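What follows is each chain in one-letter form.
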Amino acid sequence: LELFPGTMAYLKAPSGVGKTTLMKVLMGLHHAGRFRMHVRGLAVSEQTGVDVWRKQLWGRRMTMVFQHAYEALNPRSRAREIFEGLPGLVDNRTGEVTRRIGELFEGEITDALLGKTVSVLSGGQKQRLNLARGLALHTEVLLLDEPLNGLDFESTTRVIALLERKLATGIGILMVSHNEEIVETMVHEHDVYHLLAS
């Protein structure tokens, strides 16, 4: 599989074949028996230590938006706190966090919303925060695992617009999605990969 700057690739397979597992292998979150990947000159394999992933890949060269928001968001954190500690993201005193959240939420971003704990948010709100957190990072590769899950039409439209802006900056995106009719309008047919069961 090749992913070029400014392009989106689509990983397609029936449920249960291992799309999410493959995404997590690419992020170094699952161990594979045999694995090789090159990201802008950095070679990693099944023997690469976690320190390399932590210091050179996670949030720096690659990031992932998980299918389920609970995999990325601490349910006890307040909405404004989920951005704390992300590489390359400046302090919220500049208003950057509020702006990032506002890209995916309708209306004005209030202190009440930012002060809510993740656990009390609706499923759609959690997914939008999950997306906002991943899209806030300026990495070379963005992995999206079912990013449109639980989103209404307006939110889906906003996400697509944000992804198109990300592509324009030269980022490479690999997506898994069951929303084939949407994704296939964004992805060139040569960038559709089929994952087959062994």
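Below or above, wherever it landed, is the structure these notes cover.

Rules of the game
- Residues numbered from 1 in each chain as written.
- Predicted model: local features only at pLDDT ≥ 70, side-chain atom pairs only at ≥ 80, totals over all residues.
- Heavy atoms only, no water.
- Axes fitted to C-alpha atoms, helices over the stretch in contact; angles between N-to-C directions.
- Helix = DSSP H or I, 4+ residues; strand = E, 2+ residues; numbered from the N terminus.
- Parallel < 35°, antiparallel > 145°, perpendicular 65-115°, else oblique.
- Contact = heavy atoms within 4.5 Å.
- Nonpolar A, V, L, I, M, F, W, Y, C, P; charged D, E, K, R; others polar.
- Pairing = 2+ DSSP bridges.
- Core = buried A, V, L, I, M, F, W, Y, C linked by side-chain atoms within 4.5 Å.
- Buried < 20%, exposed > 50% of the residue type's maximum accessible area, 1.4 Å probe, protein only.
- Phe/Tyr/Trp six-rings, centres within 6.5 Å; stacked < 30°, edge-to-face > 60°.

## Focus: the packing of helix H5 (residues 123-136) against helix H6 (residues 153-168)
Link 1 in the chain: Taken N-terminus to C-terminus, the directions of H5 and H6 make an angle of 5°; their axes are 12 Å apart at the nearest point. It follows that H5 is roughly parallel to H6 by the angle criterion. Taken together, the residues of H6 that come into contact with H5 (itself represented by Arg128, Leu131 and Leu135) are Ser155, Val159, Leu162, Leu163 and Lys166.
Link 2 in the chain: Class assignment of the residues belonging to the contact of H5 with H6 gives a composition of five nonpolar, one polar and two charged.

## What to know about the pairing of strand E3 (residues 42-45)
Link 1 in the chain: Where strand E2 (residues 36-39) meets E3, four bridges bridge the pair, whose relative direction is antiparallel. Bridge pairing in E3 places Val39 opposite Leu42.
Link 2 in the chain: The antiparallel hairpin formed by E2 and E3 contains two residues in its connecting segment, where Arg40 sits at a positive phi of about 45°.

## Description of the nonpolar core
Link 1 in the chain: In terms of nonpolar packing, the biggest core is built from 40 residues, with Met8, Phe83, Ile101, Leu129, Leu142, Leu163 and Ile173 touching the most fellow members.
Link 2 in the chain: Listed by contribution, the elements that provide at least two residues to this core are strand E1 (8-12), helix H3 (96-102), helix H4 (111-115), H5, strand E5 (141-145), H6, strand E6 (172-176) and helix H7 (180-186).
Link 3 in the chain: Judged by nonpolar contacts, the second largest core, of 21 residues, contains Ala9, Val25, Met37 and Met62.

## Some details on the packing of aromatic side chains
One pair of aromatic rings is described through two measures. These are the centre distance and the angle between the planes.
Link 1 in the chain: In the structure shown here, the tally under the stated rule is one aromatic pair.
Link 2 in the chain: Ring centres 6.5 Å apart and planes at 25° place the aromatic pair Phe35 and Trp53 in the stacked group. One end of the pair, Phe35, is in the loop between helix H1 (19-26) and E2; the other, Trp53, is in helix H2 (residues 50-57), with 18 residues separating them in the sequence. As far as burial versus exposure is concerned, Phe35 and Trp53 are alike and both buried.

## Topic: the sheet that holds strand E7 (residues 192-194)
Link 1 in the chain: Spatially, E4-E5-E6-E1-E7 is the arrangement adopted by the five strands of the open sheet, whose pairing is parallel. Of all the strands in the sheet, just strand E4 (62-65) and E7 have a single pairing partner and so form its edges. Strand-to-strand twist in this sheet, taken as the mean axis angle between neighbours without regard to direction, amounts to 20°.
Link 2 in the chain: The pairing of E5 with E6 spans five bridges and is classified as parallel. Opposite Asp145, over in E6, you have Val176 as the bridge partner.
Link 3 in the chain: The sheet strands contacting H5 are E4 and E5, and the helix crosses E4 at an angle near 170°.

Shape descriptors only; they carry no functional weight alone.
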